[in-house]
Structure formats: structure tokens, C-alpha cells
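# Observations on the three-dimensional arrangement
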Amino acid sequence: MKRLVSLILAAGLAASSAAAAPPPPAAAPVASIDPRVKFKDGERYLRDLSDGLGVPRESICKEMSQYDCFSDAFRIVLGGVEGPNLLVNSPLEQAPLTAPIAVDRVALHACTARVDLDVATPAQARLLKGGGRGAPGAAWKQATTLRIYDAVLRRAPTADETRRLVAFYDEVAQGRPARSPEVKRDWVILGCFAAASSLEAIFY
Amino acid sequence: MRRNGLGGVLHAWRRNRAGGLGRGAIALTSLASGVGTAAIGAAVLFVGPMLAPPAAARPPAPVAFCKAYPGSQACHTGFADCTTCHTVAPARNAFGTMLSERILPGAPRPLTDEAFLAALPSALKAIEDLDADGDGVTNIAELRAGSQMANAGSVPKAVACTQEQAERSKSAAWNVCGYDPEYAFRKVHLDFCGRSPARADVEAFRGLRGKPAAWRESLVSTLDRCLKSPYWIGKEGVVWNLANPKIRPAHTVKSGDNPGPVPLGDYDDDYNLFAYANSGDRDVRDLLLGQYFVERTKADPLAFRVLSEDELAKRGRGTRQPVVQDKRAGMITTRWFSAVHTMFTAIPRTTAAQAYRAYLGYDIAKMQGLTPVSHEPADYDAKGVAAPQCAACHSTLDPLTYPFTRYNGISGGYAYDANRLKEYVRVDGPRVAEAPASGMIFGQPVADLRAWAAVAANSDAFAQNVVRDYWKLLIGREPDLRDQVEYTRAWKGLKSADVYNYRVEKMLHGLVLTNAYGQP
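Definitions and limits used
- Residues numbered from 1 in each chain as written.
- Chains lettered and ligands numbered in written order.
- Predicted model: local features only at pLDDT ≥ 70, side-chain atom pairs only at ≥ 80, totals over all residues.
- Heavy atoms only, no water.
- Helix = DSSP H or I, 4+ residues; strand = E, 2+ residues; numbered from the N terminus.
- Buried < 20%, exposed > 50% of the residue type's maximum accessible area, 1.4 Å probe, protein only.
- Contact = heavy atoms within 4.5 Å.
- Areas by Shrake-Rupley, 256 points an atom, 1.4 Å probe, with all protein chains shown as cover.
- 1 Å grid on protein atoms, 1.4 Å probe; cavity = no way out; pocket = protein on both sides within 12 Å on 5 of 7 lines; lining within 4 Å.
- Points joined across faces, edges and corners; volume = space filled by probe spheres on them.
- Nonpolar A, V, L, I, M, F, W, Y, C, P; charged D, E, K, R; others polar.
- Expected span 1.5 Å × (residues − 1).
- Core = buried A, V, L, I, M, F, W, Y, C linked by side-chain atoms within 4.5 Å.
- Salt bridge = Lys/Arg side-chain N within 4 Å of Asp/Glu carboxyl O.
- Phe/Tyr/Trp six-rings, centres within 6.5 Å; stacked < 30°, edge-to-face > 60°.
- Lys NZ or Arg CZ within 6 Å of the ring centre and 35° of its normal.
- Pairing = 2+ DSSP bridges.
- Disulfide = S-S within 2.5 Å.
- Polar contact = N/O pair within 3.5 Å; in protein donor to acceptor, adjacent residues only side chain to side chain.
- Buried area = accessible area lost by both parts, 1.4 Å probe.

Of the regular secondary structure elements, chain A holds 9 helices and 2 strands. Counting helices and strands in the order they occur from the N terminus, chain A gives α-α-β-β-α-α-α-α-α-α-α. Each of the 204 residues in chain A was classed as buried or not, and the buried ones make up 46%. For chain A, the proportion of contacts with a sequence separation of at least 24, taken over those separated by at least 6, is 62%.

Printed below as a string of C-alpha cells:
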């Protein structure tokens, strides 16, 4: 468990462009003078993950295998409303403390659902494709990184993002058998999670 | 008086309690916790001033302040917010304290309203160049910039890029110094369709960069498509949820489809009317003026159908709309609205307050939109509202309420009845029957609720409120000083026959092309 948590944290760092060394001042982009970044809310977030990962919306995230993550589990926490029974007629003005936890759970559910499908039906795999039985090479890791960014963020990764995620493979593999298929699986899930829990995926 | 079983029980309970509790609180007692928010708000309105010390806030002050600074952001609704001068009225904030010290210093308190109003302009002038919150920015500069005069953490912000920033931004991934079509394209997809655009669509759109006519056409066609999506206009979609604070649904007392245990009214009628008036080529003033009901005949693409009066008359007891057609006033005379707000009340102040808040944007419980009427409140139902501290708000609220007094709530079966108030004499005293059907809104006399609704629907406040709802939803904040030009253009355009002509979808086409929407 402790290892999983540390890997999840590391995955977050791996995908975080903000953590990269600052570029030279001349290249720094102009900051918005009036930023109005908005939270996607749970429903839009799940729809985007569903579209990108190719997992039906109704099955992409089920808490305890039966409760839809947005409609039934985290609706209010993730910016939804429920007037008739809960009397929450407008979204909460400020995200509650538990919102990031809920987002992380949703992201991990969705990515795990996708990779489980990839393992079950390799012919229709979206993220975890091929790679052979042994330790995968750099080309496979780069191609998988490309697939993750395309599916989750709908763009190609930058060179720095690719480098970080590829390097992250070694952290996942550390102390585990080199030929273990679990290493590849965990790396793809956590790479997907890193992209899906990024600011870019959650806000717009 | 006609009463159903539940009505009879609650009415009896209300009568029994009337001897032991404060009068105003009884009249506003809610049916259930599920529908009690408005009632609680109104009860606070009544009880709150009784607890306040004599040096209360000045009801005429918000209007008088805005007479002095009509173009300021603080006055964009026509009334300054109480927090301009108060923390929680009557306690003053730093600006209010500074101002108070210069209003007739040495004169015995409390001042009369006349003396206060006469002295206010010069006192305001005297502190313009001072700095109440000590943040280094003068009061007048903060007032002009829209920052808070009593909050050192609130200072004017830069609202424009420098020339150098603008040049650099043009070639960057995001043009943060101007309208960025690609940013707007993504937002239109997420806001109106509920999902991000496909990567191929973004790349195709990017190919239109530098071709304004082409990208506008693409943006508009995307918007048109999304405005018909279930995500936007469908059941429990965005527009549906926009109506939640206005309708205040409570499943416990829902009738019709999926009824609750005590089925009083079906708010599906209200949601359908709201979505209908807010979509297609339809006049949004029908929220207050519509005399019809609609149903959804298809979910995707959504289709509505106006119900005939025959169809309405054939409905079952729990879903009938008893107000006769020529007495209807859109969303504020539906069975549901009367059931949860009027309930058993003779002078249904909660109903009027909710109509004023939901459709005109003025919350009387926060002392907004006060336009006191002389010799009011007359207190026809003997609730004690003529006491000076209550009258501050009730001199506006009560004349606003009289036109609602002919519309029954739960008792009386939700129907219009010109003689309704005679039924309340036994409980509320003989004068209750003298309460007029005519009233006042925004200082204008109105003969009845239809006239009330007409003044309301044609007011600036209504148009501002419609646009403000969508502005908050799509821009992500209340319109402020940075948005003043575009926000004003939007609500004035909504009113103008030559621009949006009260068509919400047309207004939204304009809104997505504003810098407020499309500048990252």
C-alpha cells in the first residue's frame, strides 16, 4: 500500500510540467491577466475520460463495483447538484477538501478499467499494447506515452513529458522481477493516472 | 375554504400554535424541511431586525449611494450591496465607519432618513480621497476600479496587457491578451456539449487560424449543435439545473411522475416551461408572462409541445394547474410555486420575495432592491411588520406582495380567487380582507399580478438577471468591472428588438464571442 501511494505521487510528479526546470525567461509565456480557469465537474470529466479511453460512460467508474462515481458517489463533491432530495440546487461555490481525493479515485478507476480491458482483449487494446514478454524497450515506452497523452489529454506529449514518463518506468520496476507483466501494467495505469489527474485534464 | 387532508392538518396545527409564538414566524412556517429555505429567509427578515440594536442600517442608503456613484461597479444593479458599508448590518466596516463619522457629526442619533439622505453626498465626497482599509489605494480609486473599499486584500488589478505582452502572446500557444478562437472552441464544446472536442476537430479548427469568417462559422455551428444536446437542454441538463434555485424542487411533495409521499405539485411543469422559454426562438419573458404549459415529446433531439387547455383540464387531481389561463403569470403562478411558497398564507410575502429574488435578482433578505412605498406596510394581516425595524424592508415587500394575495397556495387548491382573503379573517383579523390586489414594483403601481409580471419582465433587472445567470455559468464569476462593457451590451442587447429580442440562444451566440468568454 505504501509503495502504491508513493508510486501514485511519483506518477503525479512525472506528468507535471510545472515541476520541470524553468525555461529561460525569454521563453516564458505571458501569464493571463484575468484567469478564469473552470473545473470540468465530475460528469464532464468522466465523459472526457470515457471518450478518450474508449470505455463506456456507464461502466468507466463504479465505486464498490456498483455505484456510478459521479451520479451516485461523488456528485456534490465533484461540482454537481441534486435538488429534489439533497436540496443542493447550485454547485458548491468552493471545491470541498475531499474533491481532489474524489478526482484521484475517479482517475485511477478509469485508467484501471481501460488497462483491464486491454489485458482482457489485447486485439482491442488502447493503452497497453504489445511490448513482448520481457522488459520493454525505450521505443515501446515512448509509443505508450504517446498513446496515453493522446487518449487522456488529446495531444502529443512534449519531449520533456515523454522523458519523465519513460524514466518513471524504472521507478515502477524497481525491486520487481524484470519480466513481470505486472510492471508494464502498473506503469501504464499510473502513467494514465498521472495524465488524468493533471490540472490540464481536470480544468479548462 | 377548500382543504385537502394534509392542508387541514397543517392549518389546524398553525392555528393552535398561533397563540404561543411570534405572529410573523407562524405565518411563514414551512411545510417541511425540504421546502423551508424561502420561509426561513423570510422569517429571518422579520425576526432579524427585532434583534438588532436601534442604530440599524439605513434602508434608503443603497439607492442614495448609487445616486452619488451611478456608474460604479458597486451599483451595477442600481443598489449598492449592504457590505459596501457594513460587515453584517448594522455593524459597520472600515468604510462605513469612516463615512458615518462624517455624517452630521455631533447630531443626536438615530438620524431621520431625511437628515441622513441630505448629509450623505457631502460625507461621501469628504472621504473620497481617504483610504479606509489602508491598502494604499484611495476610496474613490477603489470604487472606480470595482475593488472593495473596506478590504485591504482587495485592490484594483491590471485589466489589460502591455503592448509587449500583446505582441508576444499572439504567437504563443494561448493568446492571453485577446480573444483566442481555439480556447473558445474548446470551451463551447465543454460548456454546451459537456465534453472536450476530439483531437481531430481541434486540429481542423486550428487550421482556420487567421480566417475570422471561417472560424466564426465553425464556432457558431458547434454552438448550434450543442444547444440542442441533451447535456444542455435535456432533463437534468444545464438549463434544467439553472432553474433549480428558482423552482426549488423537493421530491417529498412532488406529484406526477415519480411522486413523493405527499404529492402536492409537479415541478416538471415548471422545469419544462423554464427550458422552453430559454431555448429556441422563444421570448424568455414568458418566464413571467407565459400563460401556457409545455411537455417534452422527445429527448434527443429535444422537442416540446404546448399543451392545450383541454389537455390540462383532463389531468388528474395531483397535477392539475388550477389557475385559469388569463390569470397565469409564467413561473410565478404555477401550482408548484404556490404550493411551496404561499402554502397557507394570506399575504404570501415569501412568494413575492422568491419571485423578486429568482427572476429579478434582488434578495430582500439581504436588503437588495428596496424601493420603499410611503404609508407601507399597512400590515393588513396584523403580523407586526409596521414596527420601524421591520418596516425598513416590508415597506417594499408588502406592496410587492399584494398582487399575489388572490392566488391560493395549498389551502384553496392553488386556484385564483378574487375573494380569497375573506377566508383568512378568522385567523388573521378583519383587516386582512382589505388588502388590495394592486401593488407596487420598482416604484410603479400595478393593478394585479399580470401587470406586476409585465413590469418585471420588461425591466432592466429581469434582463440583467437572465444574462447574469448565464454569465456566471459560462464565464465562471459574477460580472464585475472588467466585464462591465460586455455584460451591459449583452443585457441591453437581450432587451433590444434589433439585437437579441429576448431570445436567450441569440444572446448566447453573442456571449461566446466576448473577450470575457474567449480570452484565456
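Read on for the rest.
On to the overall build of chain B, then. Helices and strands together make up the secondary structure of chain B, namely 26 helices and 4 strands. In chain B, buried positions account for 54% of the 520 residues. Surface accessibility of chain B: about 21,700 Å² in total, with carbon and sulfur atoms responsible for 55%.

Let's shift gears to empty space enclosed by the protein. Residue and element names in this part refer to chain B. Under the criterion given, the structure shown has 7 cavities of 30 Å³ or more. No other element matches the 5 residues that helix α23 (residues 460–475) contributes to the lining of the largest cavity. Grouping the amino acids of the lining of the largest cavity by side-chain chemistry returns 8 nonpolar, 2 polar and 2 charged.

Residue and element names in this part refer to chain B. Compared with an ideal rise of 1.5 Å per residue, which puts 13 residues at 18 Å, helix α9 (residues 181–193) spans 17 Å between its outermost C-alpha atoms and is within 8% of the ideal. Counting buried positions along α9 gives 12 out of 13 residues, so the element sits mostly inside the fold. Within the sequence span of α9, burial applies to P181, E182, Y183, A184, F185, K187, V188, H189, L190, D191, F192 and C193. At the exit of α9 stands G194, carrying a positive phi of roughly 80°.

For the rest of this paragraph, the subject is the nonpolar core. Core analysis: the largest hydrophobic core is formed by 99 residues, its most contacted members being F192, I332, W452 and Y470 of chain B. Ranked by the residues each element gives to this core, the list is headed by α23 of chain B, at 9 residues. The residues touching I332 of chain B, leaving out its near neighbours within four places in the chain, are L287, L288, F337, A355, Y359, F404, L449 and W452 of chain B. With 42 residues, the next largest nonpolar core counts A173, V188, I189 and L190 of chain A among its residues.

For the coordinates displayed, the defined rule picks out 50 salt bridges over all chains. When the shortest N-O distance is used, the salt bridge between D191 of chain B and R44 of chain A registers 3.5 Å. Here D191 of chain B, found in helix α9, pairs with R44 of chain A, found in helix α2 (residues 41–53), and the two come from separate chains. Assessed through its relative accessible area of 4%, D191 of chain B is described here as buried. Through salt bridges with shared partners, a single ionic network connects D34 and R36 of chain A together with R477, D480, R482 and D483 of chain B.

It is worth spelling out the packing of aromatic side chains at this point. Residues and elements named next belong to chain B. This structure, assessed with the given rule, holds 21 aromatic pairs over all chains. Where Y380 meets Y402, the ring centres are 5.5 Å apart and the plane angle is 75°; that geometry is what we call edge-to-face. Of this pair, Y380 sits in the loop between α19 (349–360) and α20 (388–401) while Y402 sits in the loop between α20 and α21 (425–428); the two residues are 22 residues apart in sequence, bridging distant segments of the chain. Take Y380 and Y402: they sit in the same class, and that class is buried. With a centroid separation of 5.2 Å and 80° between ring planes, the pair formed by F404 and W452 is classed as edge-to-face. Of this pair, F404 sits in the loop between α20 and α21 while W452 sits in helix α22 (residues 449–457); the two residues are 48 residues apart in sequence, bridging distant segments of the chain. Looking at W452, the relative accessible area reads 0%, which means it is buried. Among the aromatic side chains, those forming a connected cluster through ring pairs are W240, Y267, Y271 and W336. Here the guanidinium or amino end of K187 rests over the ring plane of Y517, the centre of that ring lying 4.2 Å away.

Another aspect to go through is the pairing of strand β1 (residues 294–299) of chain B. Residues and elements named next belong to chain B. In this structure, β1 lies alongside strand β2 (residues 302–306), joined through 5 bridges in antiparallel fashion. Residue E295 lies in a different strand from β2, and its bridge partner there is R305. Two successive antiparallel strands, β1 and β2, enclose a turn made up of 2 residues.

Further remarks concern the state of the cysteines. Residues and elements named next belong to chain A. Considering all chains together, one arrives at 5 disulfides over all chains under this definition. Across a sulfur-sulfur distance of 1.9 Å, C61 and C69 are joined as a disulfide pair. Across the disulfide from C61 to C69, rotation about the S-S bond amounts to roughly -70°, and the bridge is consequently left-handed. Across this residue pair, the class does not change: C61 and C69 are buried. What pairs with C111 in a disulfide is C192, and their sulfur atoms sit 2.0 Å apart. The sign of the -75° torsion about the S-S bond sets the C111-C192 disulfide as left-handed. Taken together, the residues C111 in helix α5 (residues 99–120) and C192 in helix α8 (residues 181–196) connect sequence positions 81 residues apart. Taken in sequence order, the bonded cysteines of chain B link in the pattern 1-2, 3-4, 5-6.

Residues and elements named next belong to chain B. With respect to the helices, strands and loops of the structure, S255 is situated in the loop between α14 (244–247) and α15 (268–277). With relative accessibility at 2%, the residue S255 sits in the buried group. Spatially, the C-alpha atoms of S255 and S147 are 47 Å apart, while their sequence positions differ by 108 residues. Beyond its immediate chain neighbours, meaning those up to four positions away, S255 contacts P263, L264, G265, D266, G318 and T319. Polar side-chain contacts of S255 include one of 3.1 Å to the backbone nitrogen of D266.

All names here are of chain B. Within the secondary structure, V294 sits in strand β1. A relative accessible area of 0% means that V294 is categorised as buried. For the pair formed by V294 and F274, sequence separation is 20 residues and the distance between their alpha carbons is 9.6 Å. Beyond its immediate sequence surroundings of up to four residues, V294 is in contact with D269, N272, L273, Y276, F304, R305, V306 and L307.

Right, let's talk about the side chain of N278 of chain B for a bit. Locating N278 of chain B in the fold gives a position in the loop between α15 and α16 (286–289). With sequence-adjacent residues up to four places away left out, N278 of chain B is seen in contact with V239, V284, L287, Y470, V504 and E505 of chain B.

Let's shift gears to the interface of chain B and chain A. Counting from both sides, the interface comprises 43 residues of chain B and, opposite them, 28 residues of chain A. Summed over both partners, the interface of chain B with chain A buries about 2,800 Å², with 48% contributed by carbon and sulfur atoms. On inspection of chain B and its partner chain A, the count reaches 6 salt bridges. With its nearest N and O atoms 2.8 Å apart, the salt bridge here joins R477 of chain B to D34 of chain A. Our count for the contact surface shared by chain B and chain A stands at 22 residue pairs in polar contact (both at pLDDT 80 or more). Listed by contribution, the elements that provide at least two residues to the side of chain B that touches chain A are α8 (163–170), α9, α14, α23 and α26 (515–518) of chain B. Counting residues per element, the side of chain B that touches chain A draws most heavily on α9 of chain B, at 5 residues. Tallied by class, residues from the side of chain B that touches chain A come to 22 nonpolar, 12 polar and 9 charged.

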